[in-house]
Amino acid sequence: MPSHAVAFAPGRANLIGEHTDYNQGLALPFAISEGVTVRATGLADGRIEAVAADLGERDSFLVDNPGRARGWRAFVRGAAGELDRAGARLRGAELEITGTVPRGAGLSSSAALEVALVLAMLAVSGESEPDRIELAKLCSRIENEWVGAQTGLLDQIASLCGREECALRIDFSSLDVRLVALELGDFKLVTVDSGEKHTHAGSGYNERRAECARACSELGIASLRDATLADADRLPAPLRQRARHVITENERVDAAVAALGRGDMVELGRLLDASHASLRDCFEVSTPAVEETVRRCKRAGALGARIMGGGFGGHVIALLAPDAGRLEGAVEVRPGDGARVS
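About the cut-offs
- Residues numbered from 1 in each chain as written.
- Predicted model: local features only at pLDDT ≥ 70, side-chain atom pairs only at ≥ 80, totals over all residues.
- Heavy atoms only, no water.
- Helix = DSSP H or I, 4+ residues; strand = E, 2+ residues; numbered from the N terminus.
- Rg over C-alpha atoms; globule rule 2.2 N^0.38 Å.
- Buried < 20%, exposed > 50% of the residue type's maximum accessible area, 1.4 Å probe, protein only.
- Areas by Shrake-Rupley, 256 points an atom, 1.4 Å probe, with all protein chains shown as cover.
- Expected span 1.5 Å × (residues − 1).
- Arc of directions from axis to C-beta.
- Contact = heavy atoms within 4.5 Å.
- Pairing = 2+ DSSP bridges.
- Core = buried A, V, L, I, M, F, W, Y, C linked by side-chain atoms within 4.5 Å.
- Phe/Tyr/Trp six-rings, centres within 6.5 Å; stacked < 30°, edge-to-face > 60°.
- Lys NZ or Arg CZ within 6 Å of the ring centre and 35° of its normal.
- Axes fitted to C-alpha atoms, helices over the stretch in contact; angles between N-to-C directions.
- Parallel < 35°, antiparallel > 145°, perpendicular 65-115°, else oblique.
- Left-handed = near helix turned anticlockwise from the far one by under 90°.
- Polar contact = N/O pair within 3.5 Å; in protein donor to acceptor, adjacent residues only side chain to side chain.

A. View of the overall build of the protein chain. Per the secondary structure count, the protein chain includes 9 helices and 12 strands. Here the protein chain has a C-alpha radius of gyration of 20 Å; the compact-globule value for 342 residues is 20 Å, and the two agree. Here the C-alpha coordinates of the protein chain stretch approximately 60 × 50 × 35 Å along the principal axes. When each of the 342 residues of the protein chain is scored for burial, the buried share is 56%. Of the roughly 13500 Å² that the protein chain leaves accessible, carbon and sulfur atoms contribute 47%.

Below, the structure written as C-alpha cells:
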C-alpha cells in the first residue's frame, strides 16, 4: 500500500451545451490546464486530516464516520462517505489541497476538487480506480447529496476524460463520450471573469433544474431530450422558455461539432452568440456584470461570446479572431488531459 499519492484533476471550459447535462442532452466541454491537486499521506489512526492550503483552514474526522459540514469540508467528507458507500476500503490520510482554478468562476473548481479528492483517497488506500464514467457518477453524488447542488455529470466527465487538443462531445442520455478535434489555428478561446462569483448551491441553479423537471412532468416525458419545439410551445411560462433553451442548445452542440470539422470559425462564433442569447432570454441565468463582459468581448473583436457554467455570474468564454484587439483580463484556455495520479 503506498504511503503517498498525488492526484491532479483539471477544471473545464464548456465550449457549448449549457444546462443540457441534467436534461440528458449534449455538451462540448474540454479539460483545461488549471485544476486542483491533492497530496495524500497515509495515516494509521483511521482519521482524515485535511488542509485547504489556499484558505489556511483545516478539518478532521473519522474516515468511517465523516459526518456533515459546509463549504470545502463538505466535499472532503462527501468523498470519504461516497467511497465508503461504494465499498472502497479507505485508510486514514492527511490531505493537502491546493488549487489554481478560480472558485465561483464557471470553470468547475467543484468537480476538480471532487475528482482529485476521490483519486487521492483511492490511491493512498491501495484501492484500484473504477471505470471513469462510474467515478464521475460517484463524484456527482458528492455534489448532489453532500454539498447540495443538483448538478449533472458534465464537469466530472470533462475533468476525468479530457484529452489534449480535443473537446468531448458528451451524450448524457447514453453517456457516450466522443473526442472532437479542437483545432483553432490562429483563433483563440479565452475566458474573461465577469467579477461576479457564483455557487451552484446558492444560486438559481437548483431552481432551473426543478423547472426543467416540471416541464417534463407537464409533457409526460422522461427528459427534455425527448421534447420538440412544438412540445415546448404547449408549456406555460417560464417552463416554455426553459424547454426551448435546452432543445435549441442540443442542436447548437452538433452544429458546433460540424463547424469545427470544417474549420468554420465564423459559424462557431455565431453559435456561441446564439447560445448566450438563449441562456440570457430563455434560461435567464445572466446578470448585468456578465452582459457587460460579453459586450467587452464583442467590442474587442470576438466572433462570439457567452456566459459559461451554471450562470448567475462567473466567466464568459469568447472566440477571438487573429486580428482581435486587446481584451483586458482575457485568459487563453486550451484543451488538456484529464485527471491523473502520481
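Next comes the rest of the write-up.
B. Looking closely at helix α5 (residues 205-219). Taking 1.5 Å of rise per residue, the 15 residues of α5 would be expected to cover 21 Å, and the 22 Å separating its terminal C-alpha atoms lies within 8% of that figure. Within the span of α5, buried status applies to Tyr-205, Arg-208, Glu-211, Cys-212, Ala-215, Cys-216 and Leu-219. Each buried residue of α5 lies within a common arc of 145° when the element is viewed along its axis, so the set occupies one face. Within α5, the exposed residues directed more than 90 degrees away from the buried face are Ser-217 and Glu-218. Contacts made by the buried residues of α5 are with α6 (229-232) and α7 (239-261). One or two residues past the end of α5 sits Gly-220, with phi positive at roughly 70°.

C. Main features of the pairing of strand β8 (residues 188-193). Pairing of β8 with strand β10 (residues 315-320) involves 6 bridges; the strand directions are antiparallel. When the sheet's bridge partners are listed, Lys-188 is paired in β10 with Leu-320. Pairing of β8 with strand β11 (residues 331-332), which is carried by 2 bridges, proceeds in the antiparallel orientation. Bridge assignment links Val-190 to a residue of β11, and that residue is Glu-332.

D. Geometry of the nonpolar core. Counting residues in hydrophobic clusters, the biggest one holds 48 residues, and the most contacted among them are Val-76, Leu-95, Leu-117 and Val-118. Broken down by element, the residue count for this core peaks at 11 residues, all from helix α2 (residues 109-124). Excluding residues that lie within four positions of it along the chain, Leu-95 makes contacts with Val-38, Arg-39, Ala-40, Ile-48, Glu-49, Ala-50, Val-51, Val-76, Leu-117 and Met-121. Among the nonpolar cores identified, the runner-up in size contains 31 residues, and Tyr-22, Tyr-205, Cys-212 and Cys-297 belong to it.

E. A look at the packing of aromatic side chains. By the definition in use, this model includes 1 aromatic pair. Judged by centre distance (5.7 Å) and plane angle (70°), the rings of Tyr-22 and Tyr-205 are edge-to-face. On the criterion of sequence distance, the pair formed by Tyr-22 in the loop between β1 (4-16) and β2 (26-43) and Tyr-205 in helix α5 is long-range, its members being 183 residues apart. Residues Tyr-22 and Tyr-205 agree in their burial class; the two are buried. It is Arg-68 that lies over the ring of Trp-146; its NZ or CZ is 4.0 Å from the centre.

F. Just the packing of helix α8 (residues 265-281) against helix α9 (residues 288-299), in detail. Contact geometry for α8 and α9: axes closest at 12 Å, N-to-C directions at 165°. It follows from the interaxial angle that α8 and α9 lie roughly antiparallel. For the pair α8 and α9, the crossing hand works out as left-handed. Contacts between α8 and α9 involve Asp-273, His-276 and Arg-280 from the first element and Val-290, Glu-291, Val-294 and Lys-298 from the second.

G. Quick peek at the side chain of Ser-194. Here Ser-194 is to be found in the loop between β8 and α5. Here Ser-194 falls in the buried class, since its relative accessible area comes to 12%. Within polar-contact distance, the side chain of Ser-194 engages the backbone nitrogen of Glu-196 at 3.2 Å. A polar atom in the side chain of Ser-194 sits 2.6 Å from the backbone oxygen of Gly-314. Discounting residues that sit within four places of it in the chain, Ser-194 has contacts with Ala-289, Val-290, Thr-293, Gly-313, Gly-314 and His-315.

H. The arrangement of unusual backbone geometry in detail. Backbone torsion omega between Ala-237 and Pro-238 reads 0°, so that peptide bond is classified as cis. Residue placement: Pro-238 occurs in the loop between α6 and α7. The backbone of Gln-24 sits at a positive phi, close to 60°, despite the residue not being glycine. Within the secondary structure, Gln-24 is located in the loop between β1 and β2. Despite not being glycine, Phe-312 has its phi angle at roughly 60°, a positive value. Within the element layout of this structure, Phe-312 appears in the loop between β9 (302-307) and β10.

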